[in-house]
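Each chain, letter by letter, is given below.
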Amino acid sequence: MAPPPDREPETVHHPGLAEPRTKEDWFAYISYEPPPRPAVPTYEQYLLLDEDDRRRLDRCRSRYHSALVLAWTPAVRHFENEIMELLEANEDAPPGARPGLLIDGPPTVGKSTLTKMIARKFELQLRTDFPERFSSDRLGAYVPVVYISLADQVTPKQISLAFARYLNTPTRGTKDAVDDRVLTALKACGSQLIIFDDLHFLDCSQKDGRASNDHIKFLANHAPCTIVGTGVDLEASPLLSEGGATGRSTQTSGRFSRQVLTPFALDTEADALAWIAVIRSLEDSLQLYRHEPQSLTRRHWQYLHDRTGGSLAGLHALIRRSAVRAVRRGTEAVTREVMDSITLSYAHERGYAKVLQLKERKSAPNAGRSNVADGSGSA
Ligand SMILES: Nc1ncnc2c1ncn2[C@@H]1O[C@H](COP(=O)(O)OP(=O)(O)OP(=O)(O)O)[C@@H](O)[C@H]1O
Ligand SMILES: [Mg+2]
């Protein structure tokens, strides 16, 4: 008889799905483990399950697929080294302008995810090395990581309040009073790493934006922490831009290095291998009965790049969605057909349409001749 399928875990709460707003949210994110790979009966046994048991098992598998795995890509590893090194170099540095890091990149390349993965790893290492700092009688007293996700058109006061909310210090009073409590709390909590996500919301062309920029500089000066920021088009933002340099923007640019995170490319063999390795790690984690092992990795890596423009978000979404559909339809495999039937985000679909157009043009029977003719005509 078929063994009973795995029950769904009790928890339905996924702290990784929402941005942490408080240290408790962050601690929940640290201790969160994604749904485990469900143990499954053989396919023959599975087909014999009654409707309710099969639905329960399918739901477990879909939950598992919906989380899939986070990939430690070469870019994630690179930023891990950069951030860990910066933390070490800044640990006992004198007060003042500690160097920080800005990770600049287009939307959905994985900036927020990688900073959270790295900060989580940093804190887990501290938990292993200094268990006494995390003992139950000091619960919430030691907060090595502060994660602040900025809101659009953020004002300095909102930044102060976000810190106060995160550290659970009172939010009443003037901005100066809140700041004072925040700086005291940052020291008392032993905070080492501050992450500002979505720094492009600091619109420095606005009065409030400039003031917020100054405020971040003020925090960088007074908090004994390393600051890592992420954002889109940070180079063009007055946060760094030298054009029409106000002393303020150059002060920030003198403190932070800027590094770029780009989508996966296929320009070199090394690029292609890195892309294929990510596909392999996602494909290996599929829990489907009839999926041909390594078929995505070996046969569809180019297609997956065409579909997603090398975006990790697109790849993750496409494989996740296809796996869920394969379970729902009973086809039990992620195939080209299933992937073709998924509509990705508008930006990804538009990018794919352009790739197809380009390929069509190249493969048109007299494409080469007409190009030559055009060229000679204009010469
Ligand atoms: N290392 C990773 N492994 C697997 N999937 C990832 C990874 N990084 C990102 N993703 C996928 O890409 C999605 C988008 O990532 P993320 O939100 O980190 O991008 P972002 O660059 O911060 O985007 P935005 O600029 O819009 O804030 C994630 O929800 C996840 O599905
Ligand atoms: Mg983000």
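Since the structure is predicted, the reported quantities are computational estimates derived from the model, not experimental observations.

Rules used in this analysis
Residues numbered from 1 in each chain as written. Chains lettered and ligands numbered in written order. Predicted model: local features only at pLDDT ≥ 70, side-chain atom pairs only at ≥ 80, totals over all residues. Heavy atoms only, no water. Helix = DSSP H or I, 4+ residues; strand = E, 2+ residues; numbered from the N terminus. Buried < 20%, exposed > 50% of the residue type's maximum accessible area, 1.4 Å probe, protein only. Contact = heavy atoms within 4.5 Å. Areas by Shrake-Rupley, 256 points an atom, 1.4 Å probe, with all protein chains shown as cover. 1 Å grid on protein atoms, 1.4 Å probe; cavity = no way out; pocket = protein on both sides within 12 Å on 5 of 7 lines; lining within 4 Å. Points joined across faces, edges and corners; volume = space filled by probe spheres on them. Nonpolar A, V, L, I, M, F, W, Y, C, P; charged D, E, K, R; others polar. Expected span 1.5 Å × (residues − 1). Polar contact = N/O pair within 3.5 Å; in protein donor to acceptor, adjacent residues only side chain to side chain. Axes fitted to C-alpha atoms, helices over the stretch in contact; angles between N-to-C directions. Parallel < 35°, antiparallel > 145°, perpendicular 65-115°, else oblique. Left-handed = near helix turned anticlockwise from the far one by under 90°. Near = heavy atom within 4 Å. Domains from an automatic or database assignment.

K.L.:
What is the right way to read the overall build of the chain from this model?
P.N.:
Scanning the chain from N- to C-terminus turns up 16 helices and five strands. Burial analysis of the chain (379 residues in total) assigns 45% to the buried set. A separation of at least 24 residues holds for 71% of the contacts in the chain among residues at least 6 apart in sequence. Put simply, the chain shows about 19,800 Å² of open surface, and 53% of that area lies on carbon and sulfur atoms.

K.L.:
Would you take a moment to explain the layout of surface pockets for this structure?
P.N.:
Over the atoms, a rolling probe the size of a water molecule traces out where space has been left empty. A volume near 320 Å³ is recorded for the second largest pocket. Considering the residues around the second largest pocket, the lining is formed by 19 residues, among which P263, T308, G309, S311 and H348 are closest to the centre. Elements with a minimum of two residues in the lining of the second largest pocket: α12 (301–308) and α15 (346–363). Residue classes in the lining of the second largest pocket are distributed as eight nonpolar, nine polar and two charged.

K.L.:
Just to check I follow, could you spell out helix α13 (residues 312–329) for this structure?
P.N.:
For the α-helix, the turn length of 3.6 residues means that residues three or four positions removed from each other point alike. Given a rise of 1.5 Å per residue, 18 residues ought to cover 26 Å, and the 25 Å separating the end C-alpha atoms of α13 matches this to within 8%. As for α13, its buried residues are in contact with α3 (51–67), α10 (269–284), α11 (295–299), α12, α14 (336–340) and α15. Two or three places before A313, at the opening of α13, S311 has a side-chain oxygen 3.2 Å from that residue's backbone nitrogen. Immediately beyond the C-terminal end of α13, within one or two residues, lies G330, with a positive phi of roughly 80°.

K.L.:
Is there a simple way to explain the packing of α10 against α13 in this structure?
P.N.:
Two quantities define a packed helix pair, namely the angle between the helix axes and the distance between the axes. Two elements in contact, α10 and α13, have axes separated by 11 Å at closest approach and are oriented at 30°. In terms of orientation, α10 and α13 fall into the roughly parallel class. Of the two elements, α10 crosses α13, and the hand of that crossing is right-handed. Residues W275, V278, I279 and L282 of α10 pack against L312, L315, H316 and I319 of α13.

K.L.:
When you look at the site of ligand 1 in this model, what are you seeing that I'm missing?
P.N.:
A71, T108, K111, S112 and T113 are the nearest of the 17 residues found near ligand 1. Interatomic distance of 2.9 Å between a backbone N/O atom of T108 and an oxygen atom of ligand 1. Look at ligand 1: alone it shows 630 Å² of surface, and the protein chains cover 79% of it. Of all the secondary structure elements, the ones that give two or more residues to the shell around ligand 1 are α5 (111–129) and α13. The residue inventory of the shell around ligand 1, partitioned by class, reads nine nonpolar, five polar and three charged. Each of domain 1 (74–260) and domain 2 (264–361) accounts for three or more of the residues forming the shell around ligand 1.

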